[in-house]
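Descriptive structure summary
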Amino acid sequence: MFTPNPRHEERLFYVLAAIGGLVSAIGLAAALYMEHEGHVVTGMNNQFVWGLPHVVSIFLIVAASGVLNVASMGSVFGRVLYKPRAPLSGLLGIAMMSGGLAVIMLDLGRADRAMVAATHVNLTSVFGWNMILYPVFYALVAVYLWTMMERRMNPYSKVAGLATFIWRVILTSGTGSIFAFLVARQAYGSALLAPMFIVMSFSWGLAVFIVVQSTMYAWNDLHLPPLILQRMKNLLATFVAAVLYLTAVLHLVNAYFAQHLDFERFILLGSEFAGLFWVGQVLIGSLLPLALLFHPATRGRVVWVNIAALLVILGAFFQLYVFIVGGQAFPLEIFPGYDVKSSFMDGAVDHYTASMPEILLSLGGLAIAFTMTTIGVRVLHFLPQDDLVELEAAGSITD
Amino acid sequence: MTAPQSSSNPRRAFLAAAGGSVASLGFVAVAPGLHLMAVGEANAATDARKAGTAASPTVRWGLLIDAGKCVPGCTKCIDACHTENGVTEKLPDPRQNSQWIRKIELVERRTGHATQLPMMCQHCANPPCVDVCPTGASMKRADGIVLVDRHTCIGCRYCMMACPYKARSFVHTPLHAQNPEVPRGQGCVEACTLCVHRVDKGQQPACVESCPQGAMMFGDLNDPASDIARRIASVPTTQVRADLRLNPGVRYQGI
């Protein structure tokens with residue numbers, strides 16, 4: 001692991017914060033450019049309604065909810081090992097949620113109407129629910145952090161943790177339901193998507209947490225206790241396997257329905273997305289991490305567990321790209337049983353290429369999350385403090 | 001013995017007043033129906049909506065399109081629609097242009113039977129676009145016309161994801177020289193309005209008026225005396241994606 005020279009440590013922090021701030025600013029500039037010129041400067045169109053910004057923002061929003069699982073394991077489920085990690089998971093939750101929301105809000109056709117979105121809420125819309133789900137998420141996590149970091153408020157942290165846990169299950173169900181509620185598209189419209197997004201959030205959030213935690217330990221020249229590494233990598237493997245299982249179920253059920261067979265053939269076998277699915281999502285994002293997390297030569301080493309976590313994060317982007325972009329590349333089946341064509345890409349498979357402003361906006365969202373985390377862990381006390389005696393007891397008795 | 005004077009009898013006066021009120025209420029309740037019948041007889045298609053009055057929930061505007069009459073290569077309905085509504089921008093990527101109405105060519109896989117038809121917003125009774133819109137900008141008017149409020153659309157495009165007919169477009173570029181009666185906006189979603197500005201003046205939608213074959217018929221689906229309702233009652237018609245149970249206001253004949 002990388003360990004900076006203490007004399008240069010402070011300078012390195014400022015360099016990282018400056019890079020994060022700069023990329024965030026470039027992302028904001030890209031959004032202003034899109035706002036001024038219109039979405040004509042993006043690769044999105046009336047066929048690909050949502051593109052790369054949605055892939056990145058949904059990753060950040062889903063992972064933001066999932067990273068709080070570390071806190072829930074401590075506060076709600078009483079796992080001693082996770083309790084000292086709860087504040088860091090809260091910070092990461094707020095940072096990633098901020099990055100994700102920034103991208104999705106700045107990609108709006110009328111980003112200037114954020115206040116309209118806040119004051120005109122249609123409660124039959126999952127997007128409308130978001131106007132309630134996200135602000136309350138922020139408030140709950142902020143209160144939760146307060147109860148954990150302010151000694152006098154400690155007695156309330158279990159209640160705050162439970163409320164946060166329940167809320168983020170609802171929130172991520174809502175994110176999955178954005179797609180579950182689409183009646184007409186072959187790729188979506190399944191009730192399975194709500195629980196699947198929750199498991200995806202556990203997997204991606206924990207992967208992000210492992211990488212950030214390892215970086216912080218290395219930065220401070222500390223070593224992660226082996227017990228913690230072992231518990232976390234086992235948990236990550238469980239979540240990765242669960243996502244893979246749900247993915248298999250989703251596709252198998254779809255393939256069983258004659259009306260969805262053409263789409264399944266397209267996304268799994270006969271399109272540019274088939275390679276991204278099998279190589280990106282299944283191999284890189286699932287099987288390889290599982291092998292690294294279980295193989296005797298790699299499972300006990302911090303560096304390999306971190307590589308596995310990074311592969312899970314990379315696989316998440318592949319998964320969402322195939323899901324969101326691939327789902328739109330396949331034509332809407334308006335006239336089942338007919339071959340159709342029109343001036344509007346009816347009946348035709350289409351190809352999407354993200355433009356530079358979209359790429360910069362997406363990177364800007366990641367940079368916002370990165371910058372908030374970097375500054376947060378620097379100015380506040382987020383480094384986990386383990387009581388090794390308690391930890392040993394937990395490892396042998398309750399965990 | 002003299003006959004009682006009805007006007008001087010308080011009880012009678014009360015009954016008369018009450019009866020009058022009930023009769024008035026009854027008239028008000030029945031009047032819309034009578035009015036509808038009158039419209040149906042006077043004008044088979046539309047009647048102008050008076051300024052300041054709300055759209056009537058007793059009316060359901062709709063279209064009947066005879067695909068058998070739709071001529072290959074003819075784009076008159078598309079040209080008329082886009083001229084009427086000021087949809088004139090031509091972007092380098094044609095997928096970024098708005099298409100309020102388009103021609104779809106269909107070939108049945110089993111039989112090879114070919115046909116074509118114009119496709120636009122189907123003005124569903126249960127529109128998914130309205131359900132998913134976070135701000136309520138996507139809305140269904142009382143008379144069944146599905147519209148987008150340009151002032152509250154935030155451009156999230158969720159409605160475009162939800163529409164089973166690919167009927168909606170997103171405005172990808174700044175707009176110039178708009179038709180004042182049809183406000184559009186960069187960054188907003190839009191679709192066929194059934195030429196609501198013309199319908200409210202008692203006119204037909206531009207596409208219907210422009211079709212040289214008379215393949216499109218407009219009218220009140222709720223009025224059994226209207227031409228469209230009578231036609232639908234007498235010939236087999238199709239709702240596109242009827243399996244979704246959205247109850248579209250646009251019906252097709254000959255597919």
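The present account deals with the structure reproduced in this document. (Residues numbered from 1 in each chain as written. Chains lettered and ligands numbered in written order. Predicted model: local features only at pLDDT ≥ 70, side-chain atom pairs only at ≥ 80, totals over all residues. Heavy atoms only, no water.)

Per the secondary structure count, chain A includes 14 helices and 1 strand. A total of 399 residues make up chain A; the buried ones form 56% of that total. For chain A, long-range pairs separated by at least 24 residues make up 80% of all intrachain contacts whose partners lie at least 6 apart in sequence. Carbon and sulfur atoms form 70% of the exposed surface of chain A, whose accessible area is close to 16700 Å². (Helix = DSSP H or I, 4+ residues; strand = E, 2+ residues; numbered from the N terminus. Buried < 20%, exposed > 50% of the residue type's maximum accessible area, 1.4 Å probe, protein only. Contact = heavy atoms within 4.5 Å. Areas by Shrake-Rupley, 256 points an atom, 1.4 Å probe, with all protein chains shown as cover.)

Across its full length, chain B carries 7 helices and 9 strands. Split into buried and exposed, the 255 residues of chain B put 53% on the buried side. Counted over contacts in chain B with a minimum sequence separation of 6, partners at least 24 positions apart contribute 61%. With an accessible surface of roughly 11800 Å², chain B has 59% of that area assigned to carbon and sulfur atoms.

As a further point, take the sheet that holds strand β3 (residues 114–120) of chain B. Taken together, 3 strands build an open sheet; the order of strands is β1(A)-β2(B)-β3(B) and the sheet is antiparallel. Two strands lie at the open edges of the sheet, namely β1 (338–342) of chain A together with β3 of chain B, each paired on one side alone. Each strand axis lies, on average, 30° off the axis of its neighbour in the sheet, ignoring direction. Here strand β2 (residues 101–108) of chain B pairs with β3 of chain B via 7 bridges, running antiparallel. Residue Leu106 of chain B lies in a different strand from β3 of chain B, and its bridge partner there is Thr115 of chain B. Helix α2 (residues 76–84) of chain B contacts β2 and β3 of chain B of the sheet and is inclined by roughly 155° relative to β2 of chain B. (Pairing = 2+ DSSP bridges. Axes fitted to C-alpha atoms, helices over the stretch in contact; angles between N-to-C directions.)

Judged by nonpolar contacts, the single largest core of 169 residues is most densely connected at Phe179 and Phe335 of chain A together with Tyr158 of chain B. In terms of residues, this core owes the most to one element, helix α8 (residues 193–219) of chain A, which gives 17 residues. For Phe335 of chain A, the residues in contact, after removing those within four places along its chain, are Val340 of chain A together with Ile104, Leu106, Leu117, Met119, Val240 and Ile255 of chain B. By size, the runner-up hydrophobic cluster in this structure holds 5 residues, among which are Ala31, Met34, Val41 and Val103 of chain A. (Core = buried A, V, L, I, M, F, W, Y, C linked by side-chain atoms within 4.5 Å.)

Residue and element names in this part refer to chain B. Mapped onto the elements of the fold, Gln122 is located in the loop between β3 and α3 (128–132). Within the structure, Gln122 has its side chain in polar contact with the side chain of Tyr252 (distance 3.4 Å). The contacts of Gln122, once residues within four sequence positions are left out, are Tyr165, Val240, Pro248, Gly249, Val250 and Tyr252. (Polar contact = N/O pair within 3.5 Å; in protein donor to acceptor, adjacent residues only side chain to side chain.)

The next subject is the packing of helix α10 (residues 261–268) of chain A against helix α11 (residues 272–294) of chain A. Residue and element names in this part refer to chain A. For the pair α10 and α11, the least separation of the axes is 6 Å and the interaxial angle reads 70°. Between α10 and α11, the interaxial angle falls into the category roughly perpendicular. Across the interface between the two elements, Phe266, Ile267 and Leu268 from α10 touch Phe273, Ala274, Phe277 and Trp278 from α11. In the contact of α10 with α11, the residues fall into 7 nonpolar, no polar and no charged. (Parallel < 35°, antiparallel > 145°, perpendicular 65-115°, else oblique. Nonpolar A, V, L, I, M, F, W, Y, C, P; charged D, E, K, R; others polar.)

On the surface, a cluster of nonpolar side chains totalling about 440 Å² of accessible area is made up of Val121, Leu123, Trp129, Ile132 and Phe181 of chain A. Positionally, Val121 of chain A belongs in the loop between α5 (114–119) and α6 (126–149). (Patch = residues over 30% accessible without salt bridge, like charges linked within 9 Å, V, L, I, M, F, W, Y side chains within 5 Å. Salt bridge = Lys/Arg side-chain N within 4 Å of Asp/Glu carboxyl O.)

Every contact between the two is made by 54 residues of chain B and, on the other side, 57 residues of chain A. Taking both partners together, chain B and chain A bury about 4800 Å²; carbon and sulfur atoms supply 55% of that area. By the criterion of area lost to chain A, the three top residues of chain B are Arg95, Met161 and Lys166 of chain B, representing 18% of everything that side buries. Counting the contacts that link chain B with chain A gives 4 salt bridges. A salt bridge links Asp346 of chain A to Arg102 of chain B; the nearest nitrogen and oxygen atoms lie 2.5 Å apart. Among the elements of the structure, β2, β3, α3, α4 (158–162) and β6 (169–170) of chain B are those that each provide at least two residues to the side of chain B that touches chain A. Examining the composition of the side of chain B that touches chain A, we find that 7 residues originate from one element, β2 of chain B, more than from any other. (Buried area = accessible area lost by both parts, 1.4 Å probe.)

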